[in-house]
Amino acid sequence: MKKIMFNDKYRLTQAVLEGRKTQTRRILNPTMLFERLNTYEGWTKESIADWKESCKDRLYKAEGEELKEMLDYALEHSLYKVGENVAIAQRYIDLADNDEFYRLCGIHGMPLECIKFEKGWTNKMFVKADLMPHRIRITDIRAERLQDISEEDCLAEGIVDFESRINKAHFYSITDESATYGTAQKPYSLLIDKIAGKGTWKRNPYVFVYEFGLI
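Reading the values: the criteria
- Residues numbered from 1 in each chain as written.
- Predicted model: local features only at pLDDT ≥ 70, side-chain atom pairs only at ≥ 80, totals over all residues.
- Heavy atoms only, no water.
- Patch = residues over 30% accessible without salt bridge, like charges linked within 9 Å, V, L, I, M, F, W, Y side chains within 5 Å.
- Areas by Shrake-Rupley, 256 points an atom, 1.4 Å probe, with all protein chains shown as cover.
- Salt bridge = Lys/Arg side-chain N within 4 Å of Asp/Glu carboxyl O.
- Buried < 20%, exposed > 50% of the residue type's maximum accessible area, 1.4 Å probe, protein only.
- Helix = DSSP H or I, 4+ residues; strand = E, 2+ residues; numbered from the N terminus.
- Expected span 1.5 Å × (residues − 1).
- Arc of directions from axis to C-beta.
- Contact = heavy atoms within 4.5 Å.
- Lys, Arg positive; Asp, Glu negative; His and termini not counted.
- Charge placed at Lys NZ, Arg CZ, Asp CG, Glu CD.
- Phe/Tyr/Trp six-rings, centres within 6.5 Å; stacked < 30°, edge-to-face > 60°.
- Lys NZ or Arg CZ within 6 Å of the ring centre and 35° of its normal.
- Pairing = 2+ DSSP bridges.

K.L.:
Looking at this model, I keep getting lost on a nonpolar patch on the surface. Mind explaining?
P.N.:
The grouping of Met5, Met125 and Phe126 at the surface amounts to a nonpolar patch, some 290 Å² of accessible area in total. A residue is classified by how much of its surface remains accessible, and Phe126, at 41% relative accessible area, is partly exposed.

K.L.:
Would you mind showing me how to read helix H2 (residues 45–61) here?
P.N.:
Note that an α-helix has 3.6 residues per turn; residues three or four places apart therefore point the same way. Its 17 residues place the ends of H2 24 Å apart at the C-alpha level, agreeing with the 24 Å of an ideal helix rising 1.5 Å per residue. The complete set of buried residues in H2 reads Ile48, Trp51, Cys55 and Leu59. Looking straight down H2, one finds that the buried residues subtend no more than 70° of arc, so they occupy a single side. More than 90 degrees from the buried face of H2, the exposed residues found are Lys45, Glu46, Asp50 and Lys61. Elements in contact with the buried residues of H2: helix H3 (64–76) and strand S7 (206–214).

K.L.:
I tried to follow helix H6 (residues 185–196) on my own but got confused; where do I start?
P.N.:
End to end, H6 covers 16 Å across 12 residues, agreeing with the expected 16 Å (1.5 Å per residue, within 8%). Of the residues making up H6, those classed as buried are Pro187, Tyr188, Ser189, Leu191 and Ile192. Contacts made by the buried residues of H6 are with helix H1 (12–17), strand S2 (23–27), helix H5 (151–156), strand S6 (170–173) and helix H7 (200–203). Of the residues flanking the end of H6, it is Gly197, one or two places downstream, whose phi is positive at about 115°.

K.L.:
For this particular structure, what's the right way to read a negative patch on the surface?
P.N.:
A cluster of acidic residues, Glu63, Glu65, Glu66 and Glu69, forms a negative patch at the surface. Counting through the fold element by element, Glu66 comes out in helix H3. Looking at Glu66, the relative accessible area reads 45%, which means it is partly exposed.

K.L.:
Mind showing me how you'd approach the packing of aromatic side chains here?
P.N.:
Two descriptors summarise a pair of aromatic rings, namely the distance from one centre to the other and the angle between the planes of the rings. Under the criterion given, the structure shown has 7 aromatic pairs. With a centroid separation of 5.5 Å and an interplanar angle of 25°, the aromatic rings of Tyr92 and Phe101 are classed as stacked. According to the relative accessible area criterion, Tyr92 is buried, its value standing at 0%. For Phe101, a relative accessible area of 0% corresponds to the buried category. Cluster of aromatic residues (ring-pair linked, three or more members): Tyr80, Phe208 and Tyr210. Over the ring of Phe126 we find Lys119; its NZ or CZ atom is 5.1 Å from the centre of that ring. Over the face of the ring belonging to Tyr206 we find Arg145, whose NZ or CZ atom lies 4.9 Å from the ring centre.

K.L.:
Help me understand the environment of Leu190 in this model?
P.N.:
In this structure, Leu190 sits in helix H6. As for Leu190 and Trp201, which are separated by 11 residues in sequence, their C-alpha atoms are 7.8 Å apart. Beyond its immediate stretch of four places on either side in the chain, Leu190 contacts Ile174 and Tyr181.

K.L.:
Even after reading the chapter, I still don't get the pairing of strand S4 (residues 135–145), so can you show me in this structure?
P.N.:
Consecutive side chains along a regular strand alternate between the two faces of the sheet. Looking at chain direction, strand S3 (residues 85–88) and S4 are connected through 3 bridges and run antiparallel. The partner of Ala87 across the bridge, within S4, is Arg135. In the sheet, S4 pairs with S7 via 9 bridges, with the strands oriented antiparallel. In the sheet register, Arg142 faces S7, and the bridge partner there is Val209.

Below is the structure:
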């Protein structure tokens, strides 16, 4: 089983567990569309960078049928597939009171006395997918430009929706304790820059859009 990580600093894992977040966008790496290099042996850093830039240039200049073929290929080779169950990565320390976690540890031969000494105790990059008690099922996948995201999809990405008690107007924020804005897209644009790197929203890359449900 594969695992998937959501950002904890901005409470996205919690948004998934609460059922508020049902989409995630992952940047499409243009190099996946072209011949993969088995080795960079003998290549200079400049030549590797040039090859990667060439892949990016070809994707973003493609139109019509050529672009459709590229995106169809990307979807066919995406990391996650429709119908696939994927484990939600959480640090072992955050699951210390979860009975299902301990049950899975027993099933998969993970001695409880050793849990605290595993790298996954404090870093979810190293947790074992089979030990994760919470999972999602991928229900749909598509590829699109990042800025094509709709207001509705921003909410599906976990953006918080506040309703004013005074005039019933809606305001939106990254978390329930952060600044609010008049559209859901604004906090989402700030969020993706925090998660994927400054300038990501402005670059408007192609992304995989994974829709999922908590199981």
